[in-house]
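Observations on the model geometry
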Amino acid sequence: MPETFWTVRWPDGREEQLYSPSTVVAELFTPGTSYPLSDFQSRARVALERASDRVARKYGFACSSAMEQLDRIEARIAEFDMAADGPVTCLKIT
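The following paragraphs examine the structure supplied in this document. (Residues numbered from 1 in each chain as written. Predicted model: local features only at pLDDT ≥ 70, side-chain atom pairs only at ≥ 80, totals over all residues. Heavy atoms only, no water.)

It is worth spelling out the nonpolar core at this point. Among the nonpolar cores identified, the biggest contains 24 residues, and W6, V8, W10, F29, F40 and I73 are the most heavily contacted of them. Those elements giving two or more residues to this core turn out to be β1 (4-9), α1 (25-28), α2 (37-59), α3 (64-78) and β4 (87-93). Considering every element that reaches this core, the biggest residue donor is α2, with seven residues. (Core = buried A, V, L, I, M, F, W, Y, C linked by side-chain atoms within 4.5 Å. Buried < 20%, exposed > 50% of the residue type's maximum accessible area, 1.4 Å probe, protein only. Helix = DSSP H or I, 4+ residues; strand = E, 2+ residues; numbered from the N terminus.)

The following block contains the structure:
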């Protein structure tokens, strides 16, 4: 299960590298594509829960790093005005 990193640009212009224990993020995000905050949050939640589940199936326990990353994403999203639903752009997946 290869680790995957993906870089996003938040609505305020700040770029951040995010972590997943699995390549599942590439199933839900496309480099060069922008997502409204609410859509990005939903996709990130699905991706990281699936990644954690994959770890659980392989090793017998959920991936705490995936859940911590999801917590950090959700905390970052809380800093923005969800009503504005500004875009989050997926810059790259490695």
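Now that the structure is up, let's keep going.
Bringing the pattern of salt bridges into the picture now. As enumerated under the stated definition, the model contains eight salt bridges in all. For E27, the salt bridge goes to R50, with nearest N and O atoms at 3.8 Å. Of this pair, E27 sits in helix α1 while R50 sits in helix α2, and the two are 23 residues apart along the sequence. Accessibility expressed as a relative area gives 40% for R50, which makes it partly exposed. For D39, the salt bridge goes to R43, with nearest N and O atoms at 3.0 Å. You can see D39 and its partner R43 sitting in helix α2, four residues apart, about one turn around the helix. Each of D12, R76 and E79 takes part in a single network of salt bridges with overlapping partners. (Salt bridge = Lys/Arg side-chain N within 4 Å of Asp/Glu carboxyl O.)

In this fold, F29 is placed in the loop between α1 and β3 (34-36). Sequence separation between F29 and C90 is 61 residues; the distance between their C-alpha atoms is 6.8 Å. If we ignore the near neighbours within four places in the chain, the residues touching F29 are W6, Y35, F40, R43, A44, A47, C90 and I93. (Contact = heavy atoms within 4.5 Å.)

Bringing the state of the cysteines into the picture now. As enumerated under the stated definition, the model contains zero disulfides in all. Left unpaired, C63 is separated from the closest cysteine sulfur, that of C90, by 19 Å. Of the residues examined, C63 reaches a relative accessible area of 10% and is grouped as buried. A relative accessible area of 1% means that C90 is categorised as buried. (Disulfide = S-S within 2.5 Å.)

That's the geometry; what it means functionally is another story.
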